[in-house]
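Structural overview for review
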Amino acid sequence: MQEKYNPQEIELKWQKYWAEKNIHKTETDASKKKFYCLEMFPYPSGKIHMGHVRNYAIGDVIARYKKMKGFNVLHPMGWDAFGLPAENAAIKHGVHPAKWTYENIGYMKKQLNRMGLSYDWQREITTCSPEYYKWNQWLFLKLYEKGLAYKKASFVNWCPSCVTVLANEQVIDGKCWRCDSEVIQKELEQWFFKITHYAEELLQGCDELKGWPERVVAMQKNWIGKSEGVEIDFPIDESDEKIRIYTTRPDTIFGVTYMCLAPGHPLSESLVKDKDKLEAIKAKYGKMEHKEGLFTGHYAINPITNEKIPIYIANFVLMEYGTGAIMSVPAHDQRDFEFAKKYGLPIKVVIMPEEPSAVNSQQSAELLKEAFEGEGVLVNSGRFSGFKNADAKKAIAKYIEDKRLGKRTINYKLRDWGISRQRYWGTPIPIIYCDRCGTVPVPEKDLPIILPENVKFTGKGGSPLLESEEFLKVKCPRCGGDAKRETDTMDTFVDSSWYFVAYCLNNSINLKSQISNLKSPLSYWMPVDQYIGGIEHAVLHLLYSRFFTRAMRDLGLLHISEPFTNLLTQGMVCKETWRCPEHDYLFPEEVKDGKCIHCGMDAEKGRVEKMSKSKKNVIDPDALIARYGADTMRLFSLFAAPPERDLEWSDKGVEGAYRFLNKIWGITKKFKIQTSEFKVQDILDLTSKLQPSSLNLLRKTHQTIKKVTDDIEKDYHFNTAIAALMELVNDMSSFIPQTDEDTYILRTAIKNSLLMLAPFAPHIAEELWEAIGEKNSIFEHQWPEWDKELAKEEEIELVVQVNGKLRAKIFVSAGLSDDDAKQRALQEQKIKELLKGRQIKKVVVVKGKLVNIVVS
């Protein structure tokens, strides 16, 4: 055993050992209880950051712990490799997206291995490889067969200067991120997945997500957005046409003063003569902050009041929700109110607060400064005036149905998932267009449709695939005539919506062979037992994964409906920032003696914020490993905060973690106790022979095993588990063995502390395990068990006084805090009776001896 702890040397040693022994390889074995632990896979951006470190360290502790607890653990890793950054790199640097991506993967994989993560790399997947995206295409075809994939016109972000479609993240303050031109809305044919087919099931399934954070479940429910309302037709004056609207507020129908249609509504073209103005409204579609309208020159009839009301085209009305048309009630909807004020439209109050002011309802409409959206009583509403509006919703809905003017119905905010992307670096959509046969799906035997490599990246003119003749031109699989391929590629969320299934197939992905296979690895491994990732994915990624799981279930691939049993959303890694009036954000090394090294001006320490390159408050994991080793980095990231909370970076905290590892190294070296020939009977038989110091260490060891186990099992409170382990190591450091029994107790403490340390700091645990003469990897040994009797807290007798006089004696845990001792004394029945009617002035606690309650 070396004199000093040298993390770089021992970490490389054990990483090599694990790789050579294939210690992290997992096989499907139905005779064993399984545990599937998964962290969200990264985009191969080039380097891992501290957010990655924390995420993967959390997952690695869980995976290693479960393996030591006897589970057959699946812990895979791969790469979410398609996406816009690779294409941007191709445009900027002239490097092919594939080359850029695979080089980044190679570097990041080395970084992950250097962290000592227990991944089964034989199951590695890369979503940009044809072996993977072939099955994206196959799943698309299966969804197409079932009517769950379809094409329709939809509005997209369009940059007229770059002549291309932009993703939402490429639109910054309404302008193109690349050329700063004003982005408009343009209607294009787009492919969609019909996620709304599962809307109700997805909503009901939220109630089964017991292992998910409550706020994530709430976000899922809100995104699906179920509402109950009424569909009702508003006839167009002097026309046979009708405008069907959906409303959740039938109680306001007497206050409708105008109608609004979405720019893409089927009636907008026929109602608007000035097509240029209509196109101008379409260009501003969906921009809620700038409400724009166009009067059609036509009127509708309110079927309840028979009043004529003007019909407008409005950019804030969405085709994707409801019917693409709304009845506008400006007195009771703020959006409608602002539009009415802008275009001088009437405002009619039909709901008043239950205790209205002296002004009558007609006057209050003129005085309104904003819409009244609260609860109240109906006015100006015919036979329903005087109803509370909550009761009026039901009564008016029934009236509408009784008069056959409409019907009660259910709606969802959830929209179908638009998967079309006019980009190159994504999965080609397996569709062919033939002038004779129309839309033709690519035959399964022709999959995968592979991205061509010989393309040009200019950033203009739409997808580079449009310029690739070898890709674009194809023979129709039905008639053999000339045809063209679809040039849109799939949203990268498609790749990540089923990747967790692919891992189960051990890198031999063949979904077709798994259909209705009861002995499929999918039946054994799915669902994921523990999923770990950032809160930023709380809605879309998780919702799409839940959709795909149900769709794959209905294809006969899966036997489950929910993909993830438990979800942990780890907090962010945050650090203080530094700023200079001249140079804005500064790296810490750019600050010396409180001044900017560039200009000499005073540098101001800013608030603690999420680590980001833009704010220059990042920590390089490679540099940290080079200085302290991976175990220190892992240990600090796990100890500094509970996993679900934000972690505030602390250089002192890193130093503290490093000192702790050195301490346990020093203890083991000092008392390097090889397997002893000392024989011991049942541990409880030994306790009667022990000195108090030995018994205390033995008791502390078993209490620590219980504490660490409980903290891991209950919400993964690694920080308190590590704190308990540190306490045990402190006790070990002050313990000096005098007898064989003492030596045995110390060996027990060292051995169990290493077993408990192993998931957190695996390299040093392996090295010290070997140093004390144990055989094989520490991870081939079972997690330690505690003895219930020894794990019991030692009890002491505590005297309880009232005004200095002995009134009771109680037995409490020896380690009880002063506050807990105080509460325990006050809860004692005899003391409670003595204190009735008396005022407590103060409570004095003499630790481990007495509690004196001073009363008036």
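Residues numbered from 1 in each chain as written. Predicted model: local features only at pLDDT ≥ 70, side-chain atom pairs only at ≥ 80, totals over all residues. Heavy atoms only, no water.

This next bit is on the pattern of salt bridges. Oppositely charged side chains may form a pair once their charged atoms are brought near each other. With the rule as written, the count across this model stands at 58 salt bridges. Across the pair Lys-226 and Glu-200 runs a salt bridge whose closest N-O atoms are separated by 3.2 Å. One end of the pair, Lys-226, is in strand 8 (residues 226–235); the other, Glu-200, is in helix 6 (residues 199–205), and 26 residues separate them in sequence. On the accessibility criterion, Lys-226 (34% relative accessible area) is partly exposed. For Glu-200, a relative accessible area of 26% translates into the label partly exposed. Between Asp-237 and Lys-308 there is a salt bridge, with the nearest N and O atoms lying 3.3 Å from each other. With Asp-237 in the loop between strand 8 and strand 9 (242–247) and Lys-308 in strand 12 (residues 308–314), this residue pair connects regions lying 71 residues apart in the sequence. By relative accessible area, Lys-308 is classed as exposed at 52%. (Salt bridge = Lys/Arg side-chain N within 4 Å of Asp/Glu carboxyl O. Helix = DSSP H or I, 4+ residues; strand = E, 2+ residues; numbered from the N terminus. Buried < 20%, exposed > 50% of the residue type's maximum accessible area, 1.4 Å probe, protein only.)

Looking at the protein, the domain boundaries give domain 1 (35–150 + 198–215 + 427–570), domain 2 (226–412), domain 3 (573–629), domain 4 (650–780) and domain 5 (795–855). Inter-centroid distance (C-alpha atoms) of domain 4 to domain 5 is 36 Å. (Domains from an automatic or database assignment.)

The mixed open sheet is built from four strands, whose spatial order is 33-32-35-34. Strands at the two margins of the open sheet, each flanked by one partner only, are strand 33 (805–813) and strand 34 (840–846). Averaged over all neighbouring strand pairs, the angle between strand axes comes to 20°, with direction disregarded. Pairing of strand 34 with strand 35 (residues 850–855), which is carried by six bridges, proceeds in the antiparallel orientation. Among the inter-strand pairings, Val-845 is bridged to a residue of strand 35, identified as Val-851. Helix 27 (residues 818–827) contacts strand 32 (795–802), strand 33, strand 34 and strand 35 of the sheet and is inclined by roughly 125° relative to strand 34. (Pairing = 2+ DSSP bridges. Axes fitted to C-alpha atoms, helices over the stretch in contact; angles between N-to-C directions. Contact = heavy atoms within 4.5 Å.)

Contact geometry of helix 24 (residues 740–757) with helix 25 (residues 762–771) gives a least axis separation of 8 Å together with a crossing angle of 150°. Accordingly, the angle class assigned to the pair helix 24 and helix 25 is roughly antiparallel. Helix 25 is crossed by helix 24, and the crossing has left-handed handedness. Residue-level contacts link Lys-751, Leu-754, Leu-755 and Leu-757 of helix 24 to Ile-764, Ala-765, Leu-768 and Trp-769 of helix 25. Partitioned by chemical class, the residues of the contact of helix 24 with helix 25 number seven nonpolar, no polar and one charged. (Parallel < 35°, antiparallel > 145°, perpendicular 65-115°, else oblique. Left-handed = near helix turned anticlockwise from the far one by under 90°. Nonpolar A, V, L, I, M, F, W, Y, C, P; charged D, E, K, R; others polar.)

Along helix 9 (residues 275–283), the residues that are buried comprise Leu-278, Ile-281, Lys-282 and Ala-283. Looking at the buried side of helix 9, the elements it contacts are strand 3 (149–159), strand 7 (184–193), helix 8 (268–271), strand 11 (293–301) and strand 12. Its side-chain oxygen at 3.2 Å from the backbone nitrogen of Asp-276, Asp-274 defines the N-terminal cap of helix 9. (Polar contact = N/O pair within 3.5 Å; in protein donor to acceptor, adjacent residues only side chain to side chain.)

Moving on to unusual backbone geometry. With the exception of glycine, the majority of residues adopt a negative phi angle, and the majority of peptide bonds are in the trans configuration. Between Leu-447 and the following residue, Pro-448, the backbone shows a cis peptide bond with an omega angle of 0°. You can see Pro-448 is positioned in the loop between strand 20 (438–441) and helix 13 (469–472). A positive phi angle is found at Asp-173, which is not glycine, with a value near 55°. Structurally, Asp-173 is set in the loop between strand 5 (171–172) and strand 6 (175–176). Asp-173 sits in the exposed class, given a relative accessible area of 74%.

All right, on to the sheet that holds strand 20 then. Taken together, four strands build an open sheet; the order of strands is 20-19-22-21 and the sheet is antiparallel. The open sheet has two edge strands, strand 20 and strand 21 (473–475), and neither has a second partner. Neighbour to neighbour, the strand axes of the sheet diverge by 40° on average, direction disregarded. Of the pairings in the sheet, the one linking strand 21 to strand 22 (residues 482–485) comprises three bridges and is antiparallel in character. Opposite Lys-473, over in strand 22, you have Lys-484 as the bridge partner.

Another point: the nonpolar core. Soluble globular proteins tend to pack their nonpolar side chains together in the buried interior. In this structure, Trp-498 and Leu-511 are the most contacted members of the largest nonpolar core, which totals 180 residues. It is helix 2 (residues 50–68) that contributes the most residues to this core, ten residues altogether. Sequence-distant contacts of Trp-498, that is, excluding residues within four places in its chain, are made with Tyr-132, Trp-135, Asn-136, Leu-139, Ile-509, Leu-511, Phe-548 and Met-552. (Core = buried A, V, L, I, M, F, W, Y, C linked by side-chain atoms within 4.5 Å.)

Tracing the backbone through its elements, the reader meets Ile-619 in the loop between strand 30 (604–610) and helix 18 (621–628). Among all residues touching Ile-619, those that are not within four sequence positions of it are Met-50, Lys-575, Met-611, Leu-624 and Trp-649.

Their axes nearest at 11 Å, the elements helix 20 (residues 651–670) and helix 25 cross at an angle of 5°. One way to sum up the angle between helix 20 and helix 25 is to call them roughly parallel. Contact with helix 20, carried on its side by Leu-661, Ile-664, Trp-665 and Thr-668, involves Ile-764, Glu-767 and Leu-768 of helix 25 and no other residues of that element. Its residues assigned to classes, the contact of helix 20 with helix 25 comprises five nonpolar, one polar and one charged.

This part is about the pairing of strand 20. One ladder, built from four bridges, connects strand 19 (residues 431–434) with strand 20; its direction is antiparallel. Residue pairing in the sheet places Tyr-433 in a bridge with Thr-439 of strand 20. Where strand 19 folds back on strand 20, the antiparallel hairpin that results is connected by three residues.

Turning to its location among the elements, Gln-422 is positioned in the loop between strand 18 (420–421) and strand 19. Polar side-chain contacts of Gln-422 include one of 3.3 Å to the side chain of Asp-488. Setting aside residues up to four positions removed in sequence, Gln-422 forms contacts with Thr-164, Val-165, Gln-190, Gly-462, Ser-463 and Asp-488.

Our focus in this paragraph is the environment of Ser-161. Here Ser-161 shows up in the loop between strand 3 and strand 4 (164–166). Taking the relative accessible area as the measure of exposure, Ser-161 reaches 36% and is therefore partly exposed.

Attention shifts here to a positive patch on the surface. On the surface, Lys-805, Arg-807, Lys-830 and Arg-838 cluster together to form a positively charged patch. Looking at the secondary structure, you find Lys-830 in helix 28 (residues 829–835). (Patch = residues over 30% accessible without salt bridge, like charges linked within 9 Å, V, L, I, M, F, W, Y side chains within 5 Å. Areas by Shrake-Rupley, 256 points an atom, 1.4 Å probe, with all protein chains shown as cover. Lys, Arg positive; Asp, Glu negative; His and termini not counted. Charge placed at Lys NZ, Arg CZ, Asp CG, Glu CD.)

This next bit is on the packing of aromatic side chains. Applying the stated criterion to the full structure yields 52 aromatic pairs. Arranged with centres 6.4 Å apart and planes meeting at 40°, the rings of Tyr-43 and Trp-100 form a pair that is tilted. One end of the pair, Tyr-43, is in the loop between strand 1 (34–39) and helix 2; the other, Trp-100, is in helix 4 (residues 97–114), and 57 residues separate them in sequence. Overall, the relative accessible area of 18% leaves Trp-100 in the buried class. Arranged with centres 6.0 Å apart and planes meeting at 25°, the rings of Tyr-424 and Trp-425 form a pair that is stacked. Judged by relative accessible area, Trp-425 falls into the buried class, the value being 6%. Through a chain of ring-to-ring contacts, three or more aromatic side chains come together here, namely Phe-140, Tyr-144, Trp-191, Phe-193, Tyr-198, Trp-417, Phe-493, Tyr-544, Phe-547 and Phe-548. The side chain of Arg-579 reaches across the aromatic face of Tyr-585, ending 4.2 Å from its centre. (Phe/Tyr/Trp six-rings, centres within 6.5 Å; stacked < 30°, edge-to-face > 60°. Lys NZ or Arg CZ within 6 Å of the ring centre and 35° of its normal.)

In this section: the environment of Arg-485. The residue Arg-485 is located in strand 22 in this model. The exposure class assigned to Arg-485 is buried, which follows from its relative accessible area of 19%. Taking the C-alpha atoms as reference points, Arg-485 and Pro-430, 55 residues apart in sequence, are found 7.8 Å from one another. Look past the residues within four positions of Arg-485 in its chain and what remains in contact with it is Ile-431, Ile-432, Tyr-433, Val-442, Ile-449, Phe-471, Leu-472 and Val-474. Among the polar contacts made by the side chain of Arg-485, one reaches the main-chain carbonyl oxygen of Phe-471 at a distance of 3.2 Å.

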